[in-house]
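# Fold and contact review
Here is how the chains run, residue by residue.
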Amino acid sequence: QLQQQHGNTIRLIDGTIGLGGHTLAAINSIQQNVEGEEGETNINLNVLGIDRDKTALDWAKKLLAKEHHFDSHETAEWVNDDEVDEDDEDDESKQSTSSESTSPYRINFHHGSFKEISPSLLTRHHYSTSTIHPPPPKVHGILLDCYGPNSFALTSPDRGHTYLKQGPLDMRYDATTPDKHNVAKRVRNIVNHHSYSELLAILQTHAPDEPYGDDIAAAIVQWRLDEKTKKRGPKGIRSTLELRYIIEEAVDELVPRSRNNLKQKQKFRQLKAIWRPPKKEATMARKKEMIRKFEERKVKYGAHTERVFRALRMEANGDLDHLGSIFENDGVEQSLETGGRLVVITYHSIEDRLVRRGMEEMVDSGRYKMVTPEEDGIRPSKEEVEVNERSKDAMLRAVELVR
């Protein structure tokens, strides 16, 4: 469809490239559906991949390069944002070399946020700032996938996104920027320094469907206190499993007694000794063994833990602010060709309401048309959910720039 509308050169922005899954799907689609008579791809694809996670960008370059999508004459051109220097005197010669490349695929990478999408960002990645060059080409499609952490980060304990493994309470998408402001965004800082009312506001904003939000916020504040002095303790909440235990213990107090086996509850409470020993601190070997058993233990209240972790992650990374900026600024409209589309995939109701409202306002302006069902959007098929369980809550909405 893009080829029919825009010819044989397609320019896309993958605003949350992650590990490159959507870009990979675009390349697959081209190779499967638009091959010439001699088996050569007759379409040029130019992708600007953006992500706040520098590690994800590095992985995307490697994973995309390793895929067997390119014949010997189809070597993809990889451009690293770090290699772009607007003041480099050799820019024009670099651009000339790029234009002579025989590869049908060009993928540029930008370490940053999709809220930066604008003509100036396109200029930085597609053309020199020299006035002898034409203005940057607009793109035919912009895709934003709002899942949050990529698959690698989600399952990596050292990033703090998973409550199934012991890890630091971080959850930042960009953990490579060393400035104090970025370090302060860690979830560890939030759970240890926010007041009860601030924690409750976070849960009400990002997890309004959590029925025990006020009790969980109170439990987090209470846990921080020294049991003897009732003042803030020196340790605080330091790990993912510790936070998970606090959530589970809080919910465990509230569920009906008839649903709990008293012996099981007592056994569960013994796990508290990992972080709050009744007498003296356990040896390091003993503590590691207890943590290992806790990791292997089935999550007691998975849905509640999932909602709280997601809410804290969204707060730490300012997810709603980043998403809202797409509709508040005109960078997207200035970067889209007429007939170009903005496609957004969300995974929970708060994000979907924000996207739906933003797209409705775009349509009301008369410059866009809705290309997905206004009420229900597009949900994944049963087949897709079977292949990718994380897609079960996905909602896709899209608008097209008509003038």
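Here we summarise the structure given alongside this text. The structure displayed is predicted, hence computed values, not measured ones.

Definitions and limits used
Residues numbered from 1 in each chain as written. Predicted model: local features only at pLDDT ≥ 70, side-chain atom pairs only at ≥ 80, totals over all residues. Heavy atoms only, no water. 1 Å grid on protein atoms, 1.4 Å probe; cavity = no way out; pocket = protein on both sides within 12 Å on 5 of 7 lines; lining within 4 Å. Points joined across faces, edges and corners; volume = space filled by probe spheres on them. Helix = DSSP H or I, 4+ residues; strand = E, 2+ residues; numbered from the N terminus. Salt bridge = Lys/Arg side-chain N within 4 Å of Asp/Glu carboxyl O. Buried < 20%, exposed > 50% of the residue type's maximum accessible area, 1.4 Å probe, protein only. Core = buried A, V, L, I, M, F, W, Y, C linked by side-chain atoms within 4.5 Å. Contact = heavy atoms within 4.5 Å. Patch = residues over 30% accessible without salt bridge, like charges linked within 9 Å, V, L, I, M, F, W, Y side chains within 5 Å. Areas by Shrake-Rupley, 256 points an atom, 1.4 Å probe, with all protein chains shown as cover. Nonpolar A, V, L, I, M, F, W, Y, C, P; charged D, E, K, R; others polar.

## Comments concerning empty space enclosed by the protein
All chains considered together, the criterion is met by one cavity of 30 Å³ or more. Taken as a whole, the largest cavity spans an internal volume of roughly 30 Å³. Looking at the largest cavity, the residues that line it are Leu 199, Leu 203, Ala 217, Ile 220, Val 308 and Leu 312. Elements with a contribution of two residues or more to the lining of the largest cavity: helix H9 (196–206), helix H10 (213–223) and helix H14 (302–317).

## Overview of the pattern of salt bridges
Applying the stated criterion to the full structure yields 22 salt bridges. For Glu 248, the salt bridge is made with Arg 297, and the minimal N-O distance between the two is 3.4 Å. Of this pair, Glu 248 sits in helix H11 (residues 240–252) while Arg 297 sits in the loop between helix H13 (284–296) and H14; the two residues are 49 residues apart in sequence, bridging distant segments of the chain. You can call Glu 248 buried: its relative accessible area is 0%. Overall, the relative accessible area of 22% leaves Arg 297 in the partly exposed class. Arg 397 is the salt-bridge partner of Asp 352, the closest N and O atoms lying 2.7 Å from each other.

## Overview of the nonpolar core
Counting 39 residues, the largest nonpolar core has Val 191, Ile 216, Ile 220, Ile 237, Leu 243 and Leu 312 as its most contacted members. Leaving out residues up to four positions away in the same chain, Val 191 has contacts with Leu 169, Leu 199, Ile 220, Arg 224, Ile 237, Leu 243 and Leu 312. By size, the runner-up hydrophobic cluster in this structure holds 28 residues, among which are Leu 48, Val 332, Tyr 368 and Leu 401.

## Remarks on a nonpolar patch on the surface
A surface patch of nonpolar side chains, amounting to about 240 Å² of accessible area, comprises Trp 59, Leu 63 and Phe 152. Residue placement: Trp 59 occurs in helix H3 (residues 54–66).

## Section: the layout of surface pockets
Reported here for the second largest pocket is a volume of approximately 680 Å³. Along the walls of the second largest pocket sit 19 residues, with Tyr 147, Leu 154, Glu 306, Arg 390 and Lys 392 positioned nearest its centre. At the level of secondary structure, the elements contributing two or more residues to the lining of the second largest pocket comprise helix H6 (151–155) and H14. The greatest single-element share of the lining of the second largest pocket, amounting to four residues, is contributed by H14. When the residues that make up the lining of the second largest pocket are grouped by side-chain class, the tally is seven nonpolar, four polar and eight charged.

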